[in-house]
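What the coordinates show
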Amino acid sequence: MSDTTTSAPAPRPKKVQDRIDRLRAQYSTGGDRRRQRAEQLYSASQWQLMRAKFGKHKLAMVSLYLLILFYVVAILADFIAPYDPQERSRQHIFAPPSAIHFFAPDGGFVGPYVFDSRTRVNPKTFKYDLIVADNADMNPVVLFPKTDPYLLMGVIPMSVKLFGTTSRQPVFLLGADNLGRDLFSRIVHASRVSLFVGFGGVLISFVLGVALGGISGYVGGKVDVIIQRTIELVMSVPQIPLWMALAAAIPAEWTGIQTYFAITLVLSLVGWTGLARVVRGRILSMREEDYVMAARISSASSWSIITRHLIPGFTSYLIVHITIAIPFMILGETTLSFLGIGIRAPDVSWGSLLQQAQDVVVLSNYVWLLWPAAFVVAAVVLFNFIGDGLRDAADPYAK
Amino acid sequence: MTPSASLKSTEPRLKVEGLKTYFFLDHGILKAVDGVDFHVGEAESVGIIGESGCGKSITAQSMLQLVRGRGQIVAGHAVLRRKQGEMVDILSLDPDSAEMRSVRGDDASIIFQEPMTSFSPVHTIGFQIGEMLRLHTKLSEAQIRERVIAMLGRVGISNPEVRIDEYPHQLSGGMRQRAMIAMALICHPQIVIADEPTTALDVTIQAQILDLMRDLQDELGMSIVYITHNMAVVAENVSRVYVMYLGRVVETTTTERLFKDPKHPYTQKLLRSIPHPGRPVERLEVIEGSVPSAVDPPRRCGFFTRCPSAMAGVCDAAIPALTKVDDEHWARCFLLSDEKEAEDEWSSL
């Protein structure tokens, strides 16, 4: 038994002491900055708080910047893609990604260039092989080469691209397809359709979901039953056949832009059900809250109860839902186009580019045709990371 | 507060010194508990009182190292005499260690303020109370059940054989609080920290619960720390009181003295703000304002902003030390003594 007079300072476990020392060191500097920040936080609005919290989610911030880059590229596609998506080069069918050299064959630095090259069918394997002559010309890859005049975003007349070669030998960053078209240019142009299909689709399904879910939850009774059974019906039909049936109804003679909007509509008509259910659930539980009762007692109308008292209660959820729903729309469009019932040639989307990768023989010989899939994955993952960050930031009760 | 070194019987069961529990937030350090000393003797009841946000509950949770997340006990000692008689400084144990877990529930347990949320809704109360025995003893299931039923009967739950298999939602608030007490006492702990045990209950049940705890204390010989803002609980149940304000003990003495002759301006104002039945007044006296933020508090008396007798240049220049003002009576005020609190490595942060 130890001495009873004790209060002799027993040391803390090392793990705990280390943490204390670390915290003390961390907080011993920057006190003024913290106090200043605290003052800002006290008077910050909900949105400012959310932004501050989101800013601390590093993964989400990086994802946000990358995604913004994606969208900038999509908007400036004409400028960034070195070639027109339809531009063919018969000498470069299934050309692999160009090797970009920086040093001349004799060893001196000359900046980026590509050799003159072409592809030819190998008579033994029937595979297109890259052929580079021994004394092939060097074609420098430069920034802002002159091209034929075009209209950037349909309005700004331009005659330079971001990068390219000045000679007839093209540079294929990601290789070429079965008609010798530059895959990178096609992916950049396709990102317009693929990245923006999400917004339109989410907008429609969002309105449908919130409205129908809200009515279902607030009104209840027969209306609720009807809407819920409709949702179950829509949900129970296998998604891909349903998409296919709806997409098959798109007239073949419609233009690219019409098809695009039709696809958006198809995706959103199938996609609203999940949101509607959640909104209904939230409203069901929240309309029993005392503050809703208080609003009713002060004779607020149903409309103002829904919009002023109920919906703000799950705004954070809605924001997160939107960021999570967009990648689903992107995937939906990719699936449809991959199956050949979405975006049709000559328009391109990531899904329609992947159609070429359907053939295993082609794919095993020319793996770079899978590049569009990498972009789909990247976009979806980035959206999910952002959604994750938003969920943490938007929840006022999270620590 | 010099511990009597020679006599073992007067050695307190729990002795806390210099406890500091801070929360490390983005915008500064929240000094929730900033140097608290107290001790509890054998089978003694002491009260810790103070208004919301003064650090009472964090003090309680620090005793069992239950502070998590951004919170950290940065300094202090809490020496507890365990059942077998050995002394252990609770705060020197690793919060996750087997030894710390063997202290929780067995030697020291806690009664939480909200019986509604302190029980798991998906397990029977019998299971949850029996869990304590399952963790701390080697009794068989049948023996555990027997003990739980006996304990439920002891805390005044009728029909314990039936109630043991019920879920928390099937019990009334008072019943749940009783079950909570049963859970805290089932292992016969040396010391019970009752964190506002009656706040959620109506007065008649309050009285019953307090009587019950007193009876159990006489029977089991445990020490109780009542943490409350309810003066009536203090007046009736405890022998000594610690008054807390902004993370510090500002006054401590016997209950009798505290009510008769409070020394600290805060205690004086606090006692004057209690309504006395049968004595009509125009308006109850209030303490203007509210407890200031404990995030990076300036080095001055915590009560400076609300004190009627604050002395500019004195009270806002340093923190008064807890000094002896009378027999068994300590207070922390420059009106009573000029002694200042010593600074340490955390003061300047």
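Cut-offs and rules
- Think of each chain on its own: its residues are numbered from 1, step by step along the sequence as written.
- Both sets of labels track the order of writing: A upward for chains, 1 upward for ligands.
- Side-chain atom pairs in this predicted model are given and counted only at pLDDT of 80 or more, local residue features only at pLDDT of at least 70, and totals for whole chains, interfaces and linings cover all residues.
- Secondary structure elements are defined from DSSP: runs of H or I of at least 4 residues count as helices, runs of E of at least 2 residues count as strands, and each element is numbered from the N terminus.
- Working definition of burial: number of other C-beta atoms within 10 Å of the residue's own, with buried at 20 or more, exposed at 12 or fewer, and partly exposed in between, all C-beta atoms being placed from the backbone.
- Here, residue contact means that the backbone-derived C-beta atoms of the two residues sit within 7 Å.
- Paired strands, in this sense, are two strands between which DSSP finds at least two bridges.
- For helices, the axis comes from a line fit to the C-alpha atoms of the stretch in contact; other axes are also lines fit to C-alpha atoms, and the angle between any two N-to-C directions lies between 0 and 180 degrees.
- One number per residue, pLDDT, summarises how confident the predictor is, and it ranges from 0 to 100.
- Any angle that falls under 35 degrees is termed roughly parallel, while one over 145 is termed roughly antiparallel, one within 65 to 115 roughly perpendicular, and all others oblique.
- Handedness of a helix crossing follows the sense of rotation of the near helix relative to the far helix, less than a right angle counterclockwise being left-handed and clockwise being right-handed.
- For this classification, the nonpolar set comprises Ala, Val, Leu, Ile, Met, Phe, Trp, Tyr, Cys and Pro, the charged set comprises Asp, Glu, Lys and Arg, and every other residue, Gly included, is treated as polar.
- Helices are assigned an expected span. That span is 1.5 Å times one less than the residue count.
- We define the bend at each residue as the angle formed by axes fitted to the 7 residues ending at it and the 7 residues starting at it.

Along its length, chain A carries 16 helices and eight strands. Each of the 399 residues in chain A was classed as buried or not, and the buried ones make up 29%.

With that out of the way, let us pick up the overall build of chain B. For chain B, the count of helices and strands is 10 helices and 12 strands. Of all intrachain contacts in chain B linking residues separated by at least 6 positions in sequence, the fraction that spans at least 24 positions is 62%.

A separate point is the environment of A:Asn139. Looking at the secondary structure, you find A:Asn139 in strand E5 (residues 138-143). If we skip the residues at most four places from it in the chain, A:Asn139 touches A:Tyr113, A:Val114, A:Asp116, A:Thr165, A:Ser167 and A:Gln169.

Taken in spatial order, the four strands make up an open sheet running E2-E1-E4-E5 (chain B), and their pairing is antiparallel. Every other strand in the sheet has two partners, leaving strand E2 (28-40) and strand E5 (87-89) of chain B as the edge strands with one partner each. The sheet shows a mean angle of 10 degrees between the axes of neighbouring strands, direction not considered. In this structure, strand E1 (residues 14-25) of chain B lies alongside strand E4 (residues 71-81) of chain B, joined through eight bridges in antiparallel fashion. Residue B:Thr21 lies in a different strand from E4(B), and its bridge partner there is B:Ile73. In the packing of helix H1 (residues 14-27) of chain A onto the sheet, contacts are made with E1, E2 and E4 of chain B, and the angle to E4(B) comes to roughly 145 degrees. Running over the sheet, helix H1 (residues 56-63) of chain B touches E1, E2 and E4 of chain B and is turned about 70 degrees from E2(B).

With that settled, consider unusual backbone geometry. Residues and elements named next belong to chain B. A positive phi angle, close to 50 degrees, is found at Ala-43, a residue other than glycine. Residue placement: Ala-43 occurs in the loop between E2 and strand E3 (45-49). Given 15 C-beta atoms within a 10 Å radius, Ala-43 is considered partly exposed. Residue Asn-159 is not a glycine yet carries a positive backbone phi of 60 degrees. On the secondary structure map, Asn-159 appears in the loop between helix H4 (141-154) and helix H5 (160-163).

The next point concerns the pairing of strand E6 (residues 146-152) of chain A. All names here are of chain A. For E6, a buried count of zero out of seven residues is recorded, marking the element as mostly open to its surroundings. Where E6 lies against strand E7 (residues 156-160), four bridges are found, and the strand directions are antiparallel. Bridge pairing in E7 links Tyr-150 to Met-158. The turn joining E6 and E7, which pair antiparallel and follow one another in sequence, is formed by three residues; a positive phi near 55 degrees is taken by Met-153.

Right, let's talk about the confidence of the model for chain B for a bit. Residues and elements named next belong to chain B. Mean pLDDT for chain B: 86, with 97% of residues reaching 70 or above. Under a pLDDT of 50 for its full length, residues 1-9 has, in the predicted model, eight contacts with residues more than four places off or in other chains. Across the interfaces of the predicted complex, the ipTM metric reaches 0.73, alongside a pTM of 0.68.

Moving on to the pairing of strand E4 (residues 128-131) of chain A. All names here are of chain A. Bridging between strand E3 (residues 118-121) and E4 involves four bridges; their strand directions are antiparallel. Residue pairing in the sheet places Arg-118 in a bridge with Ile-131 of E4. Joining the antiparallel neighbours E3 and E4 is a turn of six residues, in which Phe-126 adopts a positive phi near 60 degrees.

Attention shifts here to the environment of B:Ile287. All names here are of chain B. Structurally, Ile-287 can be placed in the loop between helix H10 (265-272) and strand E11 (323-326). Spatially, the C-alpha atom of Ile-287 lies 6.4 Å from that of Lys-269, the residues being 18 residues apart in sequence. Excluding its chain neighbours within four sequence positions, the residues that come into contact with Ile-287 are Lys-269, Ser-273 and Arg-306.

All names here are of chain B. Relative orientation of the contacting elements helix H3 (residues 125-136) and helix H6 (residues 173-185) amounts to 20 degrees, with a least axis distance of 8 Å. Classed by the angle they form, the pair H3 and H6 counts as roughly parallel. At the point where H3 passes H6, the crossing takes the right-handed sense. The segment H3 lies against H6, with Ile-125, Gln-128, Ile-129 and Met-132 engaging Ala-179, Ala-182 and Met-183. The residue inventory of the contact of H3 with H6, partitioned by class, reads six nonpolar, one polar and no charged.

As a further point, take the confidence of the model for chain A. All names here are of chain A. Scored by pLDDT, chain A has a mean of 83; 96% of the residues are at 70 or more. Model confidence for chain A, summarised as mean pLDDT per element, is weakest for helix H2 (residues 31-42) at 72 and strongest for helix H4 (residues 58-75) at 92. The model gives residues 1-7 a pLDDT under 50, and that stretch makes 16 contacts with residues more than four places away or in other chains.

Over its 37 residues, helix H6 (residues 183-219) of chain A extends 53 Å from the first C-alpha to the last, a length consistent with the 54 Å expected when each residue adds 1.5 Å. At A:Ala190, H6(A) shows its largest bend, some 30 degrees.

Sheet strands associate in pairs through backbone hydrogen bonding, adopting either a parallel or an antiparallel arrangement. Residues and elements named next belong to chain B. A sheet is described by the order of its strands in space; here eight strands give the open sequence E6-E7-E8-E3-E9-E10-E12-E11, paired in mixed fashion. Edge positions in the sheet fall to strand E6 (108-111) and E11, since each of these pairs with one other strand and no more. In this sheet, adjacent strand axes meet at a mean angle of 25 degrees when their direction is disregarded. Judged from the two bridges that link them, strand E10 (residues 248-254) and strand E12 (residues 329-331) form a sheet pairing that is antiparallel. Looking at the pairing, Thr-252 lines up with Trp-330 of E12. The strands that H6 touches are E6 and strand E7 (191-195); relative to E6, the one it contacts most, it runs at about 170 degrees.

Attention now goes to the packing of H6(A) against helix H16 (residues 371-394) of chain A. Residue and element names in this part refer to chain A. Relative to each other, H6 and H16 sit at 35 degrees, their axes nearing to 10 Å. Along this stretch, H6 crosses H16, giving a crossing that reads as right-handed. Contacts from Leu-183, Ile-187, Ala-190, Ser-191 and Leu-195 in H6 reach Trp-371, Pro-372, Phe-375 and Ala-379 in H16. Grouping the constituent residues of the contact of H6 with H16 by class yields eight nonpolar, one polar and no charged.

For the rest of this paragraph, the subject is the environment of A:Ile215. Residues and elements named next belong to chain A. Examined against the element boundaries, Ile-215 turns out to sit in helix H6. Sequence spacing of Ile-215 and Val-279 is 64 residues, and the spatial spacing of their C-alpha atoms is 9.4 Å. Every residue in contact with Ile-215, bar those within four places of it in the chain, is listed here: Val-223 and Ile-227.

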